[in-house]
Amino acid sequence: MTELKLAAVVLFVVFSISAAENPYRFFEWNVTYGTISPLGVPQQGILINGQFPGPEIFCVTNDNIIINVFNSLNEPFLIHWNGVQNRRNSYEDGVAGTTCPIPPGKNFTYILQMKDQIGSYFYFPSLAFHKAAGGYGSIKILSRPQIPVPFDPPADDYSLLIGDWYKSNHTALRAILDGGKKLPPPQGILMHGQGPNVTSFTVQQGKTYRFRFCNVGLQNSLNVRIDGHDMLLVEVEGTHTVQVSYSSLDIHVGQCMSVLVTANKPPRTYYIVATTRFTVPSQTLTGIGFLRYGNSNSPPSGPLPGGPTEVVWSLNQARSIRTHLTASGPRPNPQGSYHYGMINTSLTIRLSSSAGQVNGKQRYALNGVSYVHPDTPLKVADYFSIGGVFRVGSIPYTPNGRGIRLDTSVMHADYRAFVEIVFENPEDIIQSYHLNGYAFWVVGMDGGAWNSVKSRAQYNLRDAVSRYTVQVYPKSWTAIYVSLDNVGMWNLRSEFWSRQYLGQQMYLRVYTTSTSLRDEYPIPKNALLCGRATGRHTRPL
């Protein structure tokens, strides 16, 4: 895009999105390869403006975010905004089913609004297993000044991106998957892009600090603890929670949590530890950082603080996380004023995972369907009425017990429906799922098979936490309620990235016949067009 055309796009955004009352924040990012060595071995990483992790997006509820991304890689590239709901605009979602990739040497300007959101999020590259090379960064959405927050302002607000990591380049890992094989276990844990014994945070005696933990890894749940310090949980993925102190927290792939930590211990340096969960002992990985008191040079002492080992411990902790009903959210009214538990659901969707071979290659599936990417993004094909790209109903609403087949999985749902989704996990591993464009209430989770009577009887219909990523324990189920108030084509996927890459995902087409801008924005004027939409035109400038 020429500078003149980019300027025209930006001017159009500024003067036409009816958001003049909300601030604009402009970013320009250059995505490149660079050599990084977080685990002591040089490898090819993905950098944004030369940084790994990438720049932090720091903003306020309803801010308009304009990000001009230049792709200086040698292959197409997309950034996904994990947890950012992109109200009425799934074209900007940055996944293969909604957005044409940025070609090498080209750029694209993302136009986002943090509409009615607060909390902790992150972004990452969504194509071609790029996530294994980095390219991720944190997103902080603060409350507007006039909206009270249920805790005193912290002395500082730290982001800590944690996740498992390989010493191999993403291209080598991708080749393994493309060859129909499973990946070996990861080889280390990174804290904010660094290996063990590097990351540190300085605190002052008696002051309280906010830590935003996000698990940006590829497959492992992590348990996080700070030696000798309690962590007061205050926010989970945009929801203020009942404030409970924990000595450690399980944070599953794709999830974010905010805690308050008070520096009230003898002044010295303390360990921050993250260890993998639900793995065999021989494959347990540990990441180590430091909490340093500013008035002390004393090194850490003693062994690393230990963490839990039982699955039931994690399940009980997850059930203990509840919404703070009297706290304000992005709006002044209490978050609990929307009584989700008093609304009848109009549809139940049951999704069951499976793994197996198709044509001699490893695949993963939901309800027996392993997702195959079409040559044109689904949302773009939908807009231009291009046939043959996808078929609504290509994935059933319930498991059918059959083997795995390949298809472009698209499920229909009505706009403004109130839906129950049950994730069923018949496998021996923990799962983690994310639904783009939405936050949902986690109403229940338990071991065994889901039962429409007995399981529903134990649902939390009063103060379930609202979030955008949820775990499903081995041989267990998790149920969510979601109000489908966001028209578009939305990706529902496994956050285990090799599983997502090999088919454990689908798209939920939230549809209305309305053409009102109140329901959905039209395709952006600067949209890239690809596949069967190449050569077509969006609306004129």
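Report on the accompanying structure. Treat the numbers as computed from the prediction; the structure is a model and nothing was measured.

## Brief notes about the overall build of the protein
A tally of regular secondary structure across the protein gives six helices and 33 strands. Taken over the C-alpha trace, the protein has a radius of gyration of 22 Å; the compact-globule value for 541 residues is 24 Å, and the two agree within 12%. By principal-axis analysis of the C-alpha atoms, the protein measures approximately 65 × 55 × 50 Å. Here the contacts in the protein between residues at least 6 apart in sequence split such that 78% fall between residues at least 24 apart. For the protein, the accessible surface area stands at approximately 20,500 Å², while carbon and sulfur atoms represent 52% of it. The averaged location of the 34 negative side-chain charges in the protein is 3 Å from the averaged location of its 45 positive side-chain charges.

## Some thoughts on the environment of Ser200
Checked against the element boundaries, Ser200 lands in strand β11 (residues 200–203). Considering only alpha carbons, one finds Ser200 and Arg292, 92 residues apart in sequence, at a separation of 6.8 Å.

## Some words on the state of the cysteines
All told, the structure shown has two disulfides when counted by the stated rule. One disulfide bridge connects Cys100 with Cys530, the sulfur atoms lying 2.2 Å from each other. Here the S-S torsion is close to -85 degrees, and the disulfide linking Cys100 with Cys530 is therefore left-handed. Linking Cys100 in the loop between β5 (79–82) and β6 (107–113) with Cys530 in the segment after β33 (505–511), this pair joins segments that are 430 residues apart in sequence. Cys100 sits in the buried class, given a relative accessible area of 3%. For Cys530, a relative accessible area of 18% translates into the label buried. The disulfide partner of Cys214 is Cys256, and the gap between their sulfur atoms is 2.0 Å. Here the S-S torsion is close to 115 degrees, and the disulfide linking Cys214 with Cys256 is therefore right-handed. Of the two residues, Cys214 sits in strand β12 (residues 208–215) while Cys256 sits in strand β17 (residues 256–262), which places them 42 residues apart along the sequence. The burial state of Cys214 is the same as that of Cys256; both residues are buried.

## Quick look at the packing of aromatic side chains
All chains considered together, the criterion is met by 31 aromatic pairs. The interplanar angle of 35 degrees and the centroid separation of 5.6 Å between the aromatic rings of Phe52 and Trp165 together place this pair among those described as tilted. Residue Phe52 is located in the loop between β2 (43–48) and β3 (57–60), and its partner Trp165 is located in strand β9 (residues 157–165); the two are separated by 113 residues in the primary sequence. A relative accessible area of 17% places Phe52 in the buried class. Pairing Tyr121 with Tyr468 gives two aromatic rings, centres 5.4 Å apart and planes at 20 degrees, and the pair type is stacked. Of this pair, Tyr121 sits in strand β7 (residues 119–125) while Tyr468 is found in the loop between β29 (466–467) and β30 (469–472), placing the two residues 347 residues apart along the sequence. Residue Tyr121 shares its accessibility class with Tyr468, and that shared class is buried. Pairwise contacts between aromatic rings join Phe27, Trp29, Trp81, Phe108, Tyr110 and Tyr123 into one cluster. Lying across the ring of Phe124, Lys131 places its NZ or CZ 4.6 Å from the centre.

## Some thoughts on unusual backbone geometry
Generally, phi is negative for residues other than glycine and the peptide bonds are trans, each holding for most cases. The step from Phe52 to Pro53 runs through a cis peptide bond, and the omega angle for that step is -5 degrees. Phi angles above zero are rare outside glycine, and Asn62 is one such case at about 75 degrees. Of note in this structure, Ala128 is not a glycine but carries a positive phi near 55 degrees. Looking at the secondary structure, you find Ala128 in the loop between β7 and β8 (137–142).

## Describing the pattern of salt bridges
This model, assessed by the stated rule, comprises 23 salt bridges. For Asp375, the salt bridge is made with Arg532, and the minimal N-O distance between the two is 3.1 Å. One end of the pair, Asp375, is in the loop between β22 (369–371) and α4 (378–384); the other, Arg532, is in the segment after β33, with 157 residues separating them in the sequence. For Asp375, a relative accessible area of 45% puts it in the partly exposed group. Given the relative accessible area of 39%, Arg532 is considered partly exposed. Salt-bridge contacts for Glu427 lead to Arg499; the nearest nitrogen and oxygen are separated by 2.6 Å. Highlighted residues: Glu427 in the loop between β26 (418–425) and β27 (431–435) and Arg499 in helix α6 (residues 497–501), separated in sequence by 72 residues. Residue classification places Glu427 among the buried residues on the basis of a relative accessible area of 16%. Several salt bridges share partner residues, and in doing so they unite Glu56, Lys140, Asp157 and Arg212 into one network.

## Some points on the side chain of Ser494
Tracing the backbone shows Ser494 in strand β32 (residues 488–494). Here Phe496 takes part through its backbone nitrogen, which lies 3.0 Å from a polar atom of the side chain of Ser494. Not counting chain neighbours up to four residues away, the residues in contact with Ser494 comprise Ser432, Tyr433, Arg499, Gln500 and Gln504.

## Concerning helix α2 (residues 170–178)
Buried within α2 are the following residues: His170, Leu173, Arg174 and Leu177. One face of α2 carries all of its buried residues, which in axial projection span an arc of 100 degrees. On the buried face of α2, the contacting elements are β1 (24–36), β2 and α6.

## So, the pairing of β12
The element β12 is largely enclosed, with a buried count of seven among its eight residues. Note: β9 against β12, six bridges, orientation parallel. Opposite Tyr158, over in β12, you have Phe211 as the bridge partner. Looking at chain direction, β12 and β17 are connected through seven bridges and run antiparallel. Looking at β17, one finds that Phe213 is bridged to Met257.

The rules behind each value
- Residues numbered from 1 in each chain as written.
- Predicted model: local features only at pLDDT ≥ 70, side-chain atom pairs only at ≥ 80, totals over all residues.
- Heavy atoms only, no water.
- Helix = DSSP H or I, 4+ residues; strand = E, 2+ residues; numbered from the N terminus.
- Rg over C-alpha atoms; globule rule 2.2 N^0.38 Å.
- Contact = heavy atoms within 4.5 Å.
- Areas by Shrake-Rupley, 256 points an atom, 1.4 Å probe, with all protein chains shown as cover.
- Lys, Arg positive; Asp, Glu negative; His and termini not counted.
- Charge placed at Lys NZ, Arg CZ, Asp CG, Glu CD.
- Disulfide = S-S within 2.5 Å.
- Buried < 20%, exposed > 50% of the residue type's maximum accessible area, 1.4 Å probe, protein only.
- Phe/Tyr/Trp six-rings, centres within 6.5 Å; stacked < 30°, edge-to-face > 60°.
- Lys NZ or Arg CZ within 6 Å of the ring centre and 35° of its normal.
- Salt bridge = Lys/Arg side-chain N within 4 Å of Asp/Glu carboxyl O.
- Polar contact = N/O pair within 3.5 Å; in protein donor to acceptor, adjacent residues only side chain to side chain.
- Arc of directions from axis to C-beta.
- Pairing = 2+ DSSP bridges.

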